[in-house]
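Overview (structure and organization)
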Amino acid sequence: MRPEENELLTRVGRGTPGGELLRRYWHPIAATAELTGEKPIKAVKILDEELVVYRDTTGRYGMVGEHCPHRSASLAYGRVDEQGIRCPYHGWKFDAAGRCLERPAERSTAGIKHTAYPVQQRGGLLFVYMGPAPAPALPRWDVRAWEKGERWIERHSVLRCNWFQAMENSVDPSHLFWLHGRTAHLAKDIEHYDEEHEFSIFDYGVMKRRISGRGAASRADQHPLLFPNILRHVFKPGKTGKVMHNLQYRVPIDDTSTQVFMVLFSPDEAKRTPATGDAHFSFVSMMDENGQYRMDMVLAQDVMAWETQGPIVDRTHEHLGAADRGIVILRKLMRQQMDAVRDGQMPLGVKSAGDGEQVIELDVINERIGLARPQTEAAE
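Residues numbered from 1 in each chain as written. Predicted model: local features only at pLDDT ≥ 70, side-chain atom pairs only at ≥ 80, totals over all residues. Heavy atoms only, no water.

So, the pairing of strand β15 (residues 205–212)
Looking along a regular strand, one sees the side chains alternate between the two faces of the sheet. The buried count for β15 comes to six of eight residues, which makes it a mostly enclosed element. Relative to β15, strand β14 (residues 195–202) is paired through eight bridges, and the arrangement is antiparallel. Bridging from a neighbouring strand, F199 pairs with K208 of β15. A loop of two residues connects β14 with β15, the two strands running antiparallel in sequence. As defined by bridge partners, β15 adjoins strand β16 (residues 219–226) across eight bridges and the pair is classed as antiparallel. (Buried < 20%, exposed > 50% of the residue type's maximum accessible area, 1.4 Å probe, protein only. Helix = DSSP H or I, 4+ residues; strand = E, 2+ residues; numbered from the N terminus. Pairing = 2+ DSSP bridges.)

Section: the side chain of N246
Its location among the elements puts N246 in strand β18 (residues 244–254). For N246, a relative accessible area of 0% puts it in the buried group. A polar contact of 3.1 Å, which involves the side chain of N246, links it to the side chain of Q248. Ignoring any residue separated from it by four or fewer positions in sequence, one finds N246 in contact with V143, L231, R232, H233, V234, F235, M262, V263 and L264. (Polar contact = N/O pair within 3.5 Å; in protein donor to acceptor, adjacent residues only side chain to side chain. Contact = heavy atoms within 4.5 Å.)

Comments concerning the nonpolar core
Within the largest apolar cluster, 63 residues are counted, with the highest numbers of intra-cluster contacts made by I29, I46, M63, W141 and Y249. The element that contributes the greatest number of residues to this core is helix α7 (residues 325–342), accounting for seven residues. For Y249, the residues in contact, after removing those within four places along its chain, are P28, L125, F127, W141, R144, N229, I230, Q259, V260, F261 and V263. Of all hydrophobic cores here, the second largest spans 13 residues; its members include V80, I85, C87 and C100. (Core = buried A, V, L, I, M, F, W, Y, C linked by side-chain atoms within 4.5 Å.)

What to know about the side chain of R151
If you trace the backbone, R151 turns up in strand β13 (residues 149–156). We note that R151 is buried and unpaired, the nearest opposite charge coming from E147 at a distance of 5.8 Å. Side-chain polar atoms of R151 contact the backbone oxygen of R144, separated by 3.3 Å. Engagement of the side chain of R151 in a polar contact is seen with the backbone oxygen of W146, the distance being 2.8 Å. (Lys, Arg positive; Asp, Glu negative; His and termini not counted. Salt bridge = Lys/Arg side-chain N within 4 Å of Asp/Glu carboxyl O.)

Structural notes on the environment of I369
By the element assignment, I369 lies in the segment after β22 (365–366). As for I369 and V243, which are separated by 126 residues in sequence, their C-alpha atoms are 7.7 Å apart. Those residues within four positions of I369 in sequence are excluded, and the remaining contacts are V234, F235 and K236.

A word on helix α6 (residues 298–307)
Buried within α6 we find A300, Q301, D302, V303, W306 and E307. Summarising the contacts, the buried residues of α6 are in contact with α4 (163–169), α5 (175–180) and β18.

As for the pattern of salt bridges
Per the counting criterion, the structure on display carries 26 salt bridges. Between E34 and R155 there is a salt bridge whose closest N-O contact spans 3.0 Å. In this pair, E34 is assigned in the loop between β1 (26–31) and β2 (41–46) and R155 in strand β13, connecting sequence segments 121 residues apart. Both residues of the pair, E34 and R155, belong to the buried class. Three or more residues are tied together by salt bridges with common partners; here these are D81, R86, K93 and E102.

Structure follows, in structure tokens:
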């Protein structure tokens, strides 16, 4: 890979090909549980833009630029009311559309418009859209839309690396045995590496399929990378024995740091979690109290691999092989979708706002944990 190609794949700022592509999608910015009546404002950096998300006193959400257009004081220390958010320095007030409602020391608010982006609440998370109007549909992924069971949200410690390193891992199945084999389900089933991998592009991203073992002992594991920055997965923790479906969002903060949100859902006929309501929330660190990777955790093992590649891995020095076919597919797909946005087209998986009501059930299976066919809520 040439250096300029590496730049193309990794830069997320406004005006860059990657940044413009990412701005055509909705991204999580916070759990709803993180904004309360006592703490209704949270500073957020996403796609190299400094913003604040807030909940006004009527319960509505908004997202505006962090720095007031008057003299750049931080709105993260401001106040909210039933109309919007007010700057702590000179009292300028803005609504969720960025309109200036008040300039107390001035006679007029004419000509003042602040950066603002639409926010939606879904499945215990707040999502922002930072691209051109009109905003597309916010996809109703199964894990976020199911209600027959228990859902909760995790925000993980910030990744100290570029977001694309995490996403390449999602189409790199050969790492599972070596990186996770002592802690994942493979430990008790396979004594040596013996896998076949298949990849296919579908309506929402790249479907990955792994076949482990041979003949009657073979087992299939199939789950997708939802383009551009989500992994849909399923597993069964040893402690509970319950099937856990999840969505892993890798949200670029800037070029060299990434925020991970994880939505988990455990089907259970005896429990209900509203798709539009709040969900349990927790923060999970990938480091122990000594600042070392928690290498007994599968997720922390991945973080170790991503971060030790460097803040932005230098792909000009890599040596790809047959096992890296999924990575090559993803890189080509990224370039194709950047070109589509440049040419004024909708990128992969983006639907108009009127097409976003149906729950998107994904063909996820994992025969090693007893999930031999895709799970749907209708089948529960």
